[in-house]
Amino acid sequence: MLLNLIEEPGITAALTSAADKFPRTWDAWQALTWVLARNPTIGFLLNDVPPPPRYLYKQAAMTAGVQTMTVVYSFNNSAITIQLLRLT
């Protein structure tokens, strides 16, 4: 079962802003969320207190026109919550 994706406020605004300069930003975002929805434990465990645990995952830019994306997220049996997105 695939997990639902929940984005904290500001994620969409950051992606929209980045897309002005890097046209493939939305493609990279869809790739990142695809990976997380299928394997949410792929990230580096940041903490386990308080529950739910928070993870850090970095998707490096592999092509021109895309930024490196780093996310902090948590997940449970039904959803992944993206709490922070950093574009570099």
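Our subject is the structure that appears above.
Along each chain, residues carry numbers from 1 onward, in the same order as the chain's sequence is written. Reporting of local features is limited, given that this is a predicted model, to residues whose pLDDT is at least 70; pairs of side-chain atoms are given and counted only at 80 or more, and all residues count toward the totals for whole chains, interfaces and linings. For the side-chain quantities, the full set of heavy atoms in the structure was used; hydrogens and water were omitted.

### Focus: the side chain of Ser74
Alright, step 1. Position of Ser74 among the secondary structure elements: in strand S4 (residues 69–75).
Alright, step 2. A simple rule labels every residue: compare its accessible area, found with a 1.4 Å probe on the protein chains alone, to the largest value its type can have, and call it buried under 20%, exposed over 50%, or partly exposed in between. Residue Ser74 is classed as buried on the basis of its relative accessible area of 5%.
Alright, step 3. A polar atom in the side chain of Ser74 sits 3.1 Å from the side chain of Gln83.
Alright, step 4. Between two residues, a contact is recorded if the distance between any of their heavy atoms is within 4.5 Å. Once residues lying within four places of it in the same chain are set aside, the contact partners of Ser74 are Pro52, Pro53, Ala79, Ile80, Thr81 and Gln83. Helical segments are the DSSP runs of H or I of at least four residues, strand segments are the runs of E of at least two, and each set is numbered from the N terminus. Any pair of nitrogen or oxygen atoms within 3.5 Å is treated as a polar contact; in protein, a donor-acceptor pairing is required on top of that, and neighbouring residues in sequence qualify only through side-chain atoms on both sides.

### Some words on the nonpolar core
As a rule of thumb, soluble globular proteins bury nonpolar side chains together.
Alright, step 1. Throughout, nonpolar core names a set of buried Ala, Val, Leu, Ile, Met, Phe, Trp, Tyr and Cys residues whose side chains join them through atoms within 4.5 Å. Formed by 16 residues in total, the largest nonpolar core has its most connected members in Trp29, Leu36, Val71, Tyr73 and Ile82.
Alright, step 2. Secondary structure elements with two or more residues in this core: helix H1 (11–21), helix H2 (25–38), strand S3 (54–59), S4 and strand S5 (79–87).
Alright, step 3. By residue number, the principal contributor to this core is H2, which donates 4 residues.
Alright, step 4. Among residues more than four places away in sequence, those in contact with Val71 are Trp29, Leu32, Leu36, Tyr55, Leu56, Tyr57, Ile82, Leu84 and Leu85.

### Details of the sheet that holds S5
Alright, step 1. In this analysis, strands are considered paired if DSSP registers two or more bridges between them. The strand order across the open sheet formed by 5 strands is S1-S5-S4-S3-S2, and the pairing between neighbours is mixed. The open sheet terminates on both sides in strands that have one partner only, identified here as strand S1 (4–7) and strand S2 (44–47). Ignoring which end each strand starts from, the neighbouring axes of this sheet average 35° apart.
Alright, step 2. Bridge count for S2 against S3 is 3 bridges, and the pairing is antiparallel. Considered in S3, the bridge of Phe44 is made with Leu56.
Alright, step 3. Orientation is described by axes fitted as lines to C-alpha atoms, over the contacting stretch for helices, and by angles from 0 to 180 degrees between their N-to-C directions. Taken strand by strand, H2 contacts S1, S3, S4 and S5, and its axis lies near 35° from that of S4.

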